[in-house]
Amino acid sequence: MKLAAHEVRCGYGAQDVLRGVSLELREGELYGLVGPNGAGKSTLLRCLYGAQPLSGGEVVLGERPLPRWGRRAIARVLGVVPQRSNPAFPVAVRHFVGMGRFAREPLLGGPTREDERAVDACLAELGLVALADRAVDELSGGEFRRVLIAQALAQEPAVLLFDEPVQQLDLKHQLEVMEFARAFARRAGASALIVLHDLGLAARYCDRLGVLHAGHLVAEGPPDATLTVELLRRVWGVEASLERSPATGALHVVPLREARDA
Amino acid sequence: MPLRRRAPLLALGLAVVLAALVVSLGVGVIDVPFGEVLAILGGRDDGASLHRTLVLDMRLPRAVGALTVGAALGAAGVLLQALLRDALASPTIIGTAQASGFGRVLGVFVGLGYAGSVGLSFVMALAGTLLVLATSRSRRGFPAQTVLLTGVNVGMLFAALIGLLQYLSRDEGQLSRMVLMLLGGLWQVTWAPLAWIAPLAAVLVAAALLLARHLDLLSLGEEDARRLGQHTQSVGTLVLVLACALTSLAVSIAGVIAFVGLVVPHAARRLVGPVHAALLPASALLGGLLVLATDCVARTAAQPNELPLGVLTSLIGVPCFLAVLHSMARKGAAR
């Protein structure tokens, strides 16, 4: 399913965080949203699933603008993996993942057998079967990230949005999450958008990158064509060398020093 | 947890409560053997004994009142804790019960009938709780410290208003009715109001149970709940109204009984876990059981006198609450 932002503007108070951003997430692709701290990446992500009121422009999911979808209907096609989640009471992993089924359960009946089977499948897919009965507050960072992904997957979405999913994960878990995101985007009718800080991972895994800088989308396209020394200087304010990794064939960014005039 | 897996646990809980009911009907200044209690309840006795009057007209309404009050407060505590995402929330902590007590007394002061005072008590419970929520709401929900401090203050406000009404009352009879009403006890319970309050409370608890899954989502936090498809605003409002209605029914029967709404959800969470489809019925049953048992002690411990129920629940509740706080503080330190 298609997800598109048209001239999205959004601000906290008077200061605009997004100043007219347009992008389109196409079926089958993994889209990486990158940019320096404070560029508006997380805000844009929140706009894309209706968590943030817009001050201008619109977000279109499928054929309809987001406000014309009900909240339950959105949750059935669009899943979000947030940076963090703090359940007030330490529920078991199985139950926490099961709450991803909410929008597909009967409104007042709670989960059915079908929902339970779907949860089992998600637990298996993310390798969480052994942890299913553990309380969510006893997990490591990497484990809890997998639980958050499993919860979003339980929604059976066509579109998945990831908000900095590899932050604070070790190398192995970073690869795990990126592999999952790419595999998800390759499913029939699916697509995924991922907010990343690590440009190397972004260049290696994403089909297209969007570079957000001070509320504007300043560059967009395939990683090889998008990431340039000039862009890194202008947007991130660093002198960097771009090298191609012989092992992966992907661009690798080596930051050298702060640029004199950012 | 689906119903088929909850059913045995629920049945066990109900059985325990029923057994406690029979025991409570038998004990008192005059003990009635349990066999006879069962015979009286089943209509198999001679039909005119002193014991029959004692069991059916004096002890049964009181026991039903105790179960109603306990179940209502236990459920209200669970609802408020899910809404505020805070295990320390309860009707007395955040001022709902005091506001409700003020409404009840105000009803007496202005000369409303029983049902009218109950209605006013509900309105005040809602007003007081909304005041707390509106004051403490931040962009990210309800910060626990702010809610608790605001709640304590609003509770004091309504306690002061109750004092003002009592001061303004010119009529000795009215004054003594106000004081007794809020002392926290079940000795004045009669069938007439109970006949509609108990079923109404049962309906409200059942309605809350229908929302069990929504309570699970709500306690994830507003942001997460919305992301997963919940209309948090309307569900939150509904949960608030249910909690206030249950609190005002309990206060109308027995005055302000502290700590049941706080301690019972905690105990129930230890027994059956945090999933609301199990937690809510467990809290209602456990709350009923606790108030019934405490009232039995209140009636019998200092015969022929009676201890105030509200005082007893506080004597039990305060140490439990302190234990909870202590364990939370230690957990916090470990993190």
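Residues numbered from 1 in each chain as written. Chains lettered and ligands numbered in written order. Predicted model: local features only at pLDDT ≥ 70, side-chain atom pairs only at ≥ 80, totals over all residues. Heavy atoms only, no water.

Novice: When you look at the overall build of chain B in this model, what are you seeing that I'm missing?
Specialist: When you go through chain B residue by residue, the secondary structure sums to 14 helices and 0 strands. In sequence order, chain B lays out its α and β elements as α-α-α-α-α-α-α-α-α-α-α-α-α-α. In terms of overall size, chain B behaves like a compact globule, its C-alpha atoms giving a radius of gyration of 20 Å where 335 residues would be expected to give roughly 20 Å. Of all 335 residues assigned to chain B, the portion counted as buried reaches 54%. Within chain B, contacts between residues at least 6 apart in sequence are counted, and of these 71% link residues at least 24 apart. About 14,400 Å² of surface is accessible on chain B, with carbon and sulfur atoms providing 70% of the total. Across chain B, the mean location of the 23 positive side-chain charges is 14 Å away from that of the 14 negative side-chain charges. (Helix = DSSP H or I, 4+ residues; strand = E, 2+ residues; numbered from the N terminus. Rg over C-alpha atoms; globule rule 2.2 N^0.38 Å. Buried < 20%, exposed > 50% of the residue type's maximum accessible area, 1.4 Å probe, protein only. Contact = heavy atoms within 4.5 Å. Areas by Shrake-Rupley, 256 points an atom, 1.4 Å probe, with all protein chains shown as cover. Lys, Arg positive; Asp, Glu negative; His and termini not counted. Charge placed at Lys NZ, Arg CZ, Asp CG, Glu CD.)

Novice: Explain the interface of chain A and chain B to me, please; I cannot follow it from the model alone.
Specialist: Interfaces are often sized by the accessible area lost when the parts come together. Of the residues lining the interface, 31 residues belong to chain A; the matching set on chain B comes to 27 residues. Interface of chain A and chain B: buried area, both sides summed, is about 2,700 Å²; carbon and sulfur atoms make up 56% of it. Between the two partners, chain A and chain B, sit 2 salt bridges. Linking chain A with chain B are 11 residue pairs in polar contact (both at pLDDT 80 or more), by the criterion used here. (Buried area = accessible area lost by both parts, 1.4 Å probe. Salt bridge = Lys/Arg side-chain N within 4 Å of Asp/Glu carboxyl O. Polar contact = N/O pair within 3.5 Å; in protein donor to acceptor, adjacent residues only side chain to side chain.)

Novice: Looking at this structure, how should I read the packing of helix 3 (residues 50-84) of chain B against helix 12 (residues 260-272) of chain B?
Specialist: In a pair of packed helices, the angle between the axes and the distance between the axes together describe the arrangement. All names here are of chain B. Contact pair helix 3 / helix 12: the axes reach a minimum separation of 8 Å and the direction vectors enclose 75°. The pairing of helix 3 with helix 12 is recorded here as roughly perpendicular in orientation. Between helix 3 and helix 12, the contacting residues are Gly70, Leu73, Gly74, Gly77, Val78 and Gln81 on the first element and Val260, Gly261, Leu262, Val264, Pro265 and Arg269 on the second. (Axes fitted to C-alpha atoms, helices over the stretch in contact; angles between N-to-C directions. Parallel < 35°, antiparallel > 145°, perpendicular 65-115°, else oblique.)

Novice: Would you mind showing me how to read the nonpolar core here?
Specialist: Formed by 91 residues in total, the largest nonpolar core has its most connected members in B:Val69, B:Leu79, B:Leu186, B:Val239, B:Leu246 and B:Ile253. When residues in this core are grouped by element, the largest group, 18 residues, is from helix 3 of chain B. With sequence-adjacent residues up to four places away left out, B:Val239 is seen in contact with B:Leu79, B:Leu83, B:Leu211, B:Leu215 and B:Leu218. Of all hydrophobic cores here, the second largest spans 61 residues; its members include A:Val91, A:Ala202, B:Leu220 and B:Ala225. (Core = buried A, V, L, I, M, F, W, Y, C linked by side-chain atoms within 4.5 Å.)

Novice: Looking at this structure, how should I read the layout of surface pockets?
Specialist: A water-sized probe rolled over the atoms picks out the places where empty space is left. There is about 1,600 Å³ of room inside the second largest pocket. Forming the boundary of the second largest pocket are 49 residues, of which B:Arg139, B:Arg140, B:Gly141, B:Glu222 and B:Glu223 lie nearest the centre. When residues of the lining of the second largest pocket are traced back to their parent elements, those giving at least two are strand 1 (3-12), helix 1 (41-48), helix 2 (71-77) and strand 6 (78-81) of chain A together with helix 3, helix 5 (114-136), helix 10 (222-227) and helix 11 (232-254) of chain B. When grouped by side-chain class, the residues that make up the lining of the second largest pocket number 21 nonpolar, 15 polar and 13 charged. (1 Å grid on protein atoms, 1.4 Å probe; cavity = no way out; pocket = protein on both sides within 12 Å on 5 of 7 lines; lining within 4 Å. Points joined across faces, edges and corners; volume = space filled by probe spheres on them. Nonpolar A, V, L, I, M, F, W, Y, C, P; charged D, E, K, R; others polar.)

Nothing here speaks to function; it is all geometry.
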